[in-house]
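A closer look at the structure
Residue-level listing of the chains:
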Amino acid sequence: MKNQFLFELGTEEIPASMIPDGLARLVERMAELCRDNELMFDRMSGFSTPRRLTVILTGLPDRQPDRVDSVSGPPESVAFDSQGNPTAAAQGFARKMGLAVEELTMEETDRGRYLCARRRKEGQAAPAILVAGLPRVISELNWPKNMYWTASQFRFIRPLRWFVCLWNETVLPFQFEGVEAGGVSRGHRSLGREEVEVRHPDEYVEVLRGEFVLVDEGERRKKIEKELGEQLPKDCRLLEDDRLMETVVHLNEFPAVIRGGFDARFLKIPREVLVMVMRHHQKYFAVTHADGTLAPWFLTVLNTREDPDGRIRRGHERVLKARLEDAAFFWEADQSVSLLDRAEGLQQVIFQEKLGSYLDKTRRLENLCEFLLPDSELKTAARLCKADLTTEMVRELPELQGTMGGLYARQEGYPEAVWKAIYEHYLPASVHDPCPSARQGALLSLADRLDTIVGCFGAGIIPTGSSDPFALRRQAQGMVRIALEHQVETPLAELTSFAAEQFPEGLLEPGVVGRVMEFLANRLRFALQSEGIEYDVINAVLSGPVDSIPRTRERARALSRIKGEEDLEAVAAAFKRTKNILEKQQREEDSVRQELLQEAEERALFSAVQDLEESLQRALEKKDYDRALREIAKIREPVDRFFDAVLVMCPDESLRRNRLALLRRLDGLFLKFGDISEIVQHGERQGENNA
């Protein structure tokens, strides 16, 4: 029978949002522990509930394999004299290794022949290795937030309460932070037994199921989905909510679904508010009629078996009624003050300590939007887009910022282009969200994100590996998505510089535009990689002018289509040679003096460069990037002849400087498209494959 190892880490309730990543880290660390100690296994299964993270490994060996270590000693010339007798160096090495000189071997190495000692190291028992590695595994389960509860001040997401540590039927001796491992788990807090004996890893899932704990996430999800369907009123549908489903799956150990209702008069509140109140405050699923309108019902997932007398349902209905009463009051009261008046009040709402108020931000947004698209409706949307931050509804439900502004703007009679831009300007909030549907909303969202990124970089608030308080990476990724989806052609460098100019002089740190451009280029790199564009093509186009995000993508696509063609590869190789020459030379003059072009090959290259300047410019202006690359490829022949016949670094200083100027002019031409010297040549790719 195959060996099995079970480790269950029991805690107080872990926040639902942190459980999937926590379990993934536990599985990853256990796999590393086995891999580092050469413990191969057939399968690893991970389980979780709010109070436990568990791994079960199946197919582990009894022990790690024996190993033969080879230790190098002195070289042959030092280890033996001219008669072949071992020297003091060889004898000393043998004593150090605990071997006789005769037991040593001579081995060939990269440095020559060396005396070596081979020692057999017996593998350790697998259970001992696993127990020894568990403290490190637990300590490396990093969490976004931690707490400590013992004198040692060990930090973890929640206090540790129990461990189950089984090797087949044997409890392994393990203790960590005062908690000793055993073979006893915990059942459901109210439905199961406080102590549940687990005799073998094979029994774990079934034993806990008998104590009303479903440790398999997939089993809990299926139970919830089945009962949601069963509890739906006739002719009604569930409002699908993947995030809420993910939450309730990890909130409950033994989920059960009940249905409740609310007074239909609350349906006068905007749908967005009703759904958010139910989802955010109560973790309820909303219900719709067949035509998509909201129905006065909700479905909630309980961590219990049933509600036979309806007492739990009535409690939930009372709580929801109070929440909806508040929402109805906020909806009416907020409309007593116009958005325009609220916008002026944003002076009292701080955006960021160094960067001023939200009123300052909206004024910058107005200017940025005007730069992107001179349009009165877009400018109005920019002026009003943050006004809902002063409403009671958004104070109660911050997730509705932007949404409420759009709804209040619609109530006040603003045109659809205005209220919809406000409504959607926080989109996309995640990689799964859509971009704003209309162009005004897209441009407002892009401007808002860029203002935040430039301001934060200028204030020294730059994302690190562990900290990104303003979610700048997500903001930048959203910018890239919006620019690509809505074909925002504004040159990125100009737009970023203009955004920086909107801040008071001296407020931003020097060099902010360059740092922001590099940051945005990295986000664009990620987007291009996601499309399957190869790294050398991305390097090439991002080394050139990132004139606009859509144009940069089109240049990358064109280069991907053409990069394998022989002429272009030859030009890329020549460009690399040109770069290498120019990098070693101090920049002097850029203008080429035609009277100093002595050789026929350099005159031919100069003429070809002049022709390419015109044809390349026309192709780039028309965004015909395939043609632009083919025009570049045409210069292969005069470039090859130039390098074959002309000595660039000739002794005559005036000729040398003129030839360098010609190469610099050629270099500048190539860079109008990108640094095609980054393209990996066919031979280089073959070499990589062979390696």
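Refer to the structure printed above.
All values derive from a computational prediction rather than experimental measurement.

1. Overview of the overall build of the chain
Within the chain one finds 27 helices and 18 strands. For 691 residues, the compact-globule estimate of 2.2 N^0.38 gives 26 Å, and the chain exceeds it by more than 25% at 34 Å. For the chain, with 691 residues in total, the buried portion stands at 50%. Of the contacts made within the chain by residues no fewer than 6 positions apart, 69% connect residues no fewer than 24 positions apart. As displayed, the chain offers around 33400 Å² of accessible surface, 47% of which is attributable to carbon and sulfur atoms. Averaged over its 95 positive side-chain charges, the chain has a centre that lies 2 Å from the centre of its 114 negative ones.

2. Considerations on the packing of aromatic side chains
Evaluated as defined, the whole model comprises 20 aromatic pairs. Ring plane angle 20 degrees and centroid distance 6.0 Å describe the contact between Phe154 and Phe156, whose orientation is recorded as stacked. By the burial criterion, Phe154 is buried, and Phe156 matches it. Summarising the aromatic geometry, the rings of Phe212 and Phe254 are spaced 5.2 Å apart at their centres and angled 90 degrees between planes, so their arrangement reads as edge-to-face. Residue Phe212 is located in the loop between helix H5 (204-209) and helix H6 (217-231), and its partner Phe254 is located in the loop between helix H7 (242-251) and strand S14 (256-261); the two are separated by 42 residues in the primary sequence.

3. Here's the deal with the sheet that holds strand S13 (residues 236-238)
Strand pairing in a sheet takes place through backbone hydrogen bonds and is either antiparallel or parallel in direction. The four strands lie next to each other as S13-S15-S16-S14, forming an open sheet whose pairing is antiparallel. Either end of the sheet is taken by a strand with one partner, and the two such strands are S13 and S14. Strand-to-strand twist across the sheet, computed as the mean angle between neighbouring axes with direction ignored, equals 30 degrees. Here strand S15 (residues 284-289) runs beside strand S16 (residues 294-302); their pairing, made up of four bridges, is antiparallel. Each residue of the ladder has a partner; that of Ala286, found in S16, is Phe298. In the packing of H6 onto the sheet, the strands contacted are S13, S14, S15 and S16, and the crossing angle to S14 comes to about 30 degrees.

4. Observations regarding helix H18 (residues 492-501)
The set of residues buried in H18 consists of Leu492, Leu495, Thr496, Phe498, Ala499 and Ala500. Buried residues belonging to H18 abut helix H11 (358-372), helix H16 (439-458), helix H17 (472-485), helix H19 (512-530) and helix H21 (549-562).

5. Overview of the sheet that holds strand S5 (residues 105-109)
Strand order across the open sheet formed by three strands is S4-S6-S5, with antiparallel pairing between neighbours. Taken across any chain shown, the strands that pair with only one partner, and hence form the sheet edges, are strand S4 (67-75) and S5. Across this sheet, the average inter-strand angle for adjacent strands is 45 degrees, counted without regard to direction. In this sheet, strand S6 (residues 112-121) lies alongside S4 in antiparallel orientation, the contact comprising seven bridges. Across the sheet, the residue bridging to Val68 is Arg120, located in S6. Packing against the sheet, helix H3 (residues 88-97) makes contact with S4 and S6, and its axis sits at approximately 155 degrees to S4.

6. Quick notes on the pairing of S6
In the case of a regular strand, side chains alternate between the two sheet surfaces. Pairing between S5 and S6: five bridges, direction antiparallel. By the bridge assignment for S6, Met106 is matched with Leu115. Turn length for the S5-S6 hairpin, with the two strands adjacent in sequence and antiparallel, is two residues.

7. Brief notes about the side chain of Ser445
Examined against the element boundaries, Ser445 turns out to sit in helix H16. The residues contacting Ser445, other than those within four sequence positions of it, are His425, Leu427, Pro436 and Ile482.

8. Side note on H16
Under the 1.5 Å per step criterion, the end-to-end length of H16 is 28 Å for 20 residues, consistent within 8% with the ideal 28 Å. Within H16, 19 of the 20 residues are buried, which leaves the element mostly enclosed by the surrounding structure. Taken from the residues just after H16, Gly460 is the one with a positive phi, measuring 85 degrees.

9. Topic: unusual backbone geometry
In this chain, Leu427 is followed by Pro428 through a cis amide linkage whose omega measures -5 degrees. Among the structural elements, Pro428 can be located in the loop between helix H15 (416-424) and H16. At Phe212, a position not held by glycine, the phi torsion is positive, near 65 degrees. Even without a glycine there, the phi angle at Gln487 is positive, about 50 degrees. Relative to the helices and strands, Gln487 is located in the loop between H17 and H18.

How each quantity is defined
Residues numbered from 1 in each chain as written. Predicted model: local features only at pLDDT ≥ 70, side-chain atom pairs only at ≥ 80, totals over all residues. Heavy atoms only, no water. Helix = DSSP H or I, 4+ residues; strand = E, 2+ residues; numbered from the N terminus. Rg over C-alpha atoms; globule rule 2.2 N^0.38 Å. Buried < 20%, exposed > 50% of the residue type's maximum accessible area, 1.4 Å probe, protein only. Contact = heavy atoms within 4.5 Å. Areas by Shrake-Rupley, 256 points an atom, 1.4 Å probe, with all protein chains shown as cover. Lys, Arg positive; Asp, Glu negative; His and termini not counted. Charge placed at Lys NZ, Arg CZ, Asp CG, Glu CD. Phe/Tyr/Trp six-rings, centres within 6.5 Å; stacked < 30°, edge-to-face > 60°. Pairing = 2+ DSSP bridges. Axes fitted to C-alpha atoms, helices over the stretch in contact; angles between N-to-C directions. Expected span 1.5 Å × (residues − 1).

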